[in-house]
Amino acid sequence: QVQLVESGGGLVQPGGSLRVSCAASGFTFSSYYMDWHRQAPGKQRELVAGITSGGTITYSDFVKGRFTISRDNAKNTVYLQMNSLKPEDTAVYYCRILRGGSHYWGQGTQVTVSS
């Protein structure tokens, strides 16, 4: 079955960097669009960035120029490199796949930006 496992979250100071990863299994990873979402306390989950099977990338405006999404099809993994982090980036970060009309989510990884 589809499984998504995020890792790499943690506590970082404002202006710092962090890379989160999402290891996927149970489907042909290279054939699917993947994206990252985040959810801060008391707020709705929001799209951060997405990458198609062909490598086309989109970003939400609030992360453009700071975050970079990438994928390694040999490792069935999608990454989110986060630079110039701000306190408002604090959230649980989730990867997602839409397959067969169903959304699949990982368990999320907590990113906290604080001094």
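What comes next concerns the included structure. Here the structure is a predicted model, which means the values were calculated and not measured.

Thresholds applied
Residues numbered from 1 in each chain as written. Predicted model: local features only at pLDDT ≥ 70, side-chain atom pairs only at ≥ 80, totals over all residues. Heavy atoms only, no water. Pairing = 2+ DSSP bridges. Helix = DSSP H or I, 4+ residues; strand = E, 2+ residues; numbered from the N terminus. Axes fitted to C-alpha atoms, helices over the stretch in contact; angles between N-to-C directions. Buried < 20%, exposed > 50% of the residue type's maximum accessible area, 1.4 Å probe, protein only. Disulfide = S-S within 2.5 Å. Core = buried A, V, L, I, M, F, W, Y, C linked by side-chain atoms within 4.5 Å. Salt bridge = Lys/Arg side-chain N within 4 Å of Asp/Glu carboxyl O. Phe/Tyr/Trp six-rings, centres within 6.5 Å; stacked < 30°, edge-to-face > 60°. Lys NZ or Arg CZ within 6 Å of the ring centre and 35° of its normal.

We now examine the sheet that holds strand S8 (residues 77-82). Spatial ordering of the open sheet is given by S1-S3-S8-S7, a layout of four strands whose pairing is antiparallel. Where the open sheet ends on each side, the last strands, each with one partner, are strand S1 (3-7) and strand S7 (67-72). Taken pair by pair, the neighbouring strands of this sheet meet at an average axis angle of 15 degrees, ignoring direction. Relative to strand S3 (residues 18-25), S1 runs antiparallel, the two being bridged by five bridges. When the bridges of S3 are listed, Leu 4 appears paired with Ala 24.

This part takes up unusual backbone geometry. Not every positive phi belongs to a glycine, and Asn 76 is a case in point at roughly 50 degrees. Of note in this structure, Ser 84 is not a glycine but carries a positive phi near 50 degrees. Following the sequence through the fold, Ser 84 ends up in the loop between S8 and strand S9 (91-99).

All right, on to the pairing of S8 then. Burial of S8 is extensive: five of the six residues sit out of reach of the surface. Bridge count for S7 against S8 is six bridges, and the pairing is antiparallel. What sits directly across from Ser 70, in S8, is Tyr 79. The hairpin turn running from S7 into S8, its antiparallel successor, is four residues long, and Asn 76 in that turn takes a positive phi close to 50 degrees.

With that settled, the discussion passes to the state of the cysteines. A complete count under the given rule lists one disulfide for this structure. At a sulfur-sulfur separation of 1.9 Å, the disulfide partner of Cys 22 is Cys 95. Here the disulfide of Cys 22 and Cys 95 is right-handed, its torsion about the S-S bond being about 55 degrees. Separated by 73 residues along the polypeptide, Cys 22 in strand S3 and Cys 95 in strand S9 bring together distant segments of the chain.

With that out of the way, let us pick up the nonpolar core. Grouped together as the largest cluster of nonpolar side chains are 28 residues, with contacts concentrated most on Leu 4, Trp 36, Val 78, Leu 80, Met 82 and Tyr 93. Going through the elements one at a time, S3, strand S4 (34-39), strand S5 (46-51), S7, S8, S9 and strand S11 (109-113) are the ones with two or more residues in this core.

Going through the model one piece at a time under the given rule, you end up with five salt bridges. With a shortest N-O distance of 2.7 Å, Asp 35 and Arg 96 are connected by a salt bridge. Of this pair, Asp 35 sits in strand S4 while Arg 96 is found in strand S9, placing the two residues 61 residues apart along the sequence. Taking the relative accessible area as the measure of exposure, Asp 35 reaches 1% and is therefore buried. Asp 61 is paired through a salt bridge with Lys 64; the nearest N and O atoms lie 3.2 Å apart. Several salt bridges converge on common partners, so that one network encompasses Arg 38, Glu 46, Arg 66 and Asp 89.

What follows covers the packing of aromatic side chains. Tallying each qualifying case throughout the model produces three aromatic pairs. Here the aromatic rings of Tyr 94 and Trp 105 are separated by 6.2 Å at their centres, their planes lie at 85 degrees, and the arrangement is edge-to-face. Remark: Trp 105 occurs in strand S10 (residues 102-105) and Tyr 94 occurs in strand S9; sequence separation between them is 11 residues. The structure contains a cluster of three or more aromatic residues connected by ring pairs, namely Phe 27, Phe 29 and Tyr 32. The ring of Trp 105 carries the charged tip of Arg 45 above its face, separated from the ring centre by 4.5 Å.

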